[in-house]
Amino acid sequence: MGKLGNLNNLRLLKNDMKSKQWSICDFLFRYKGIEYIVLVKRFVETKKVNEYALVKLEFMKSDNIDDSLQVEANSYRLLIDAKTLRSYFGIEYAYNLGDILEQFSQRLGSSIPTKLPDMKKINDLEKKAMISSLSKSDSEDPNKIYCTGVKRNPEGQKRSEFNSDKTKLLRENLYNSFADDTSISFCYSTDISKEKDDVTILKNFANK
């Protein structure tokens, strides 16, 4: 779909995410008047379909994040068939389709950051999109956003990176209290009445 390295920023971004211990981040991409939230996901506890994939991207329309497209990608191109890509992004068939897809790839590439964005400055919609994705990756209900406590995992089991990143986004100070102990996971509920503050959670854990 593109020339060498059209999406080369993905490699730089992935390396920065890894060094800063994040499995997910996002950036905004605008095409044909539509804004997309693009989630960038490392393959940390999930297997890639294409052996040449570098990351998985999930495009979500900002005005309806349920309208999404997931696709693996590397620094050269999106690993997807042209028909599926055209359908999602509303790219009409044309005799110069190859040029159009090339232009799309270049525009996308120019929107990809080379470093992990400041996760404290993302907007609420971006945060919601990432938290939903992290919950699903962890086989959790995406509506579980209210932290109720922490638990020690069975011997030999570690906290998932998805659980870590979700807590960094939702309860950073609480996460920092247990950041170095990966035998402890954070528990969430869909019921806001069950949410507990950091002091209560720490006290309950200390009394176990």
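The structure displayed is predicted, hence computed values, not measured ones.

A. Focus on the overall build of the protein chain. Assigned secondary structure in the protein chain consists of 7 helices and 6 strands. In the protein chain, the succession of helices and strands from N to C terminus is α-β-β-β-β-α-α-α-β-α-α-β-α. The dimensions of the protein chain, computed from C-alpha atoms along their principal axes, are 70 × 30 × 25 Å. Taking all contacts inside the protein chain whose residues are at least 6 apart in sequence as the whole, residues at least 24 apart take part in 64%. Summed over its atoms, the accessible surface of the protein chain is roughly 11,600 Å², and 44% of this surface lies on carbon and sulfur atoms. Both charge centroids of the protein chain, one from 35 positive and one from 30 negative side chains, sit 2 Å from each other.

B. Focus on the sheet that holds strand S2 (residues 34-41). Within the open sheet, the 4 strands sit side by side as S1-S2-S3-S4. Their pairing is antiparallel. Each edge of the open sheet is held by one strand with a lone partner, namely strand S1 (24-31) and strand S4 (64-73). The average undirected angle you get between the axes of adjacent strands in this sheet is 25 degrees. Taken together, the 8 bridges between S1 and S2 define a ladder with antiparallel strand orientation. Within S2, the residue paired with Ile24 across the bridge is Lys41. Of the strands in this sheet, S1 and strand S3 (55-61) are in contact with helix H3 (residues 97-111), which crosses S1 at around 130 degrees.

C. How the structure looks around the environment of Glu195. Looking at the element boundaries, Glu195 is found in the loop between strand S6 (184-189) and helix H7 (198-206). The partly exposed category is assigned to Glu195, whose relative accessible area is 35%. Separated by 49 residues in the primary sequence, Glu195 and Tyr146 have C-alpha atoms spaced 5.1 Å apart. Dropping the residues within four chain positions of it, Glu195 is found in contact with Ile145, Tyr146, Cys147, Thr148 and Arg171.

D. Molecular detail of the layout of surface pockets. The computed volume of the largest pocket comes to approximately 280 Å³. Contributing to the lining of the largest pocket are 14 residues, with Gln21, Glu161, Ser164, Tyr175 and Thr182 lying nearest its centre. Tallying contributions element by element places helix H5 (residues 161-170) first for the lining of the largest pocket, with 4 residues.

E. The packing of aromatic side chains, seen in detail. This structure, assessed with the given rule, holds 15 aromatic pairs. Here a set of aromatic residues connected by ring pairs shows up, and it is made of Phe29, Tyr31, Tyr36, Phe59, Tyr88, Phe89 and Phe104. The aromatic ring of Tyr88 is capped on one face by Lys61, whose charged end is 5.1 Å from the ring centroid. Above the face of the Tyr188 ring, Lys166 is positioned so that its terminal group lies 4.4 Å from the ring centre.

F. Representation of the side chain of Glu126. With respect to the helices and strands, the residue Glu126 is situated in helix H4 (residues 124-137). Although buried, Glu126 forms no salt bridge, and the nearest oppositely charged side chain, Lys127, lies 10 Å from it. When residues no more than four places from it in sequence are discounted, the contact partners of Glu126 are Asp26, Leu28 and Ile37.

G. Summary view of helix H1 (residues 9-19). The complete set of buried residues in H1 reads Leu10, Leu13, Asp16 and Met17. Down the axis of H1, the sector holding all buried residues measures 130 degrees, keeping them to one side. Those residues of H1 that are exposed and angled more than 90 degrees off the buried face are Lys18 and Ser19. Against S1, S2, S3 and S4 lie the buried residues of H1. Once H1 ends, the next one or two residues include Gln21, with phi positive near 60 degrees.

Parameters and conventions
- Residues numbered from 1 in each chain as written.
- Predicted model: local features only at pLDDT ≥ 70, side-chain atom pairs only at ≥ 80, totals over all residues.
- Heavy atoms only, no water.
- Helix = DSSP H or I, 4+ residues; strand = E, 2+ residues; numbered from the N terminus.
- Contact = heavy atoms within 4.5 Å.
- Areas by Shrake-Rupley, 256 points an atom, 1.4 Å probe, with all protein chains shown as cover.
- Lys, Arg positive; Asp, Glu negative; His and termini not counted.
- Charge placed at Lys NZ, Arg CZ, Asp CG, Glu CD.
- Pairing = 2+ DSSP bridges.
- Axes fitted to C-alpha atoms, helices over the stretch in contact; angles between N-to-C directions.
- Buried < 20%, exposed > 50% of the residue type's maximum accessible area, 1.4 Å probe, protein only.
- 1 Å grid on protein atoms, 1.4 Å probe; cavity = no way out; pocket = protein on both sides within 12 Å on 5 of 7 lines; lining within 4 Å.
- Points joined across faces, edges and corners; volume = space filled by probe spheres on them.
- Phe/Tyr/Trp six-rings, centres within 6.5 Å; stacked < 30°, edge-to-face > 60°.
- Lys NZ or Arg CZ within 6 Å of the ring centre and 35° of its normal.
- Salt bridge = Lys/Arg side-chain N within 4 Å of Asp/Glu carboxyl O.
- Arc of directions from axis to C-beta.

All quantities given are derived from atomic positions and should not be read as evidence of function.
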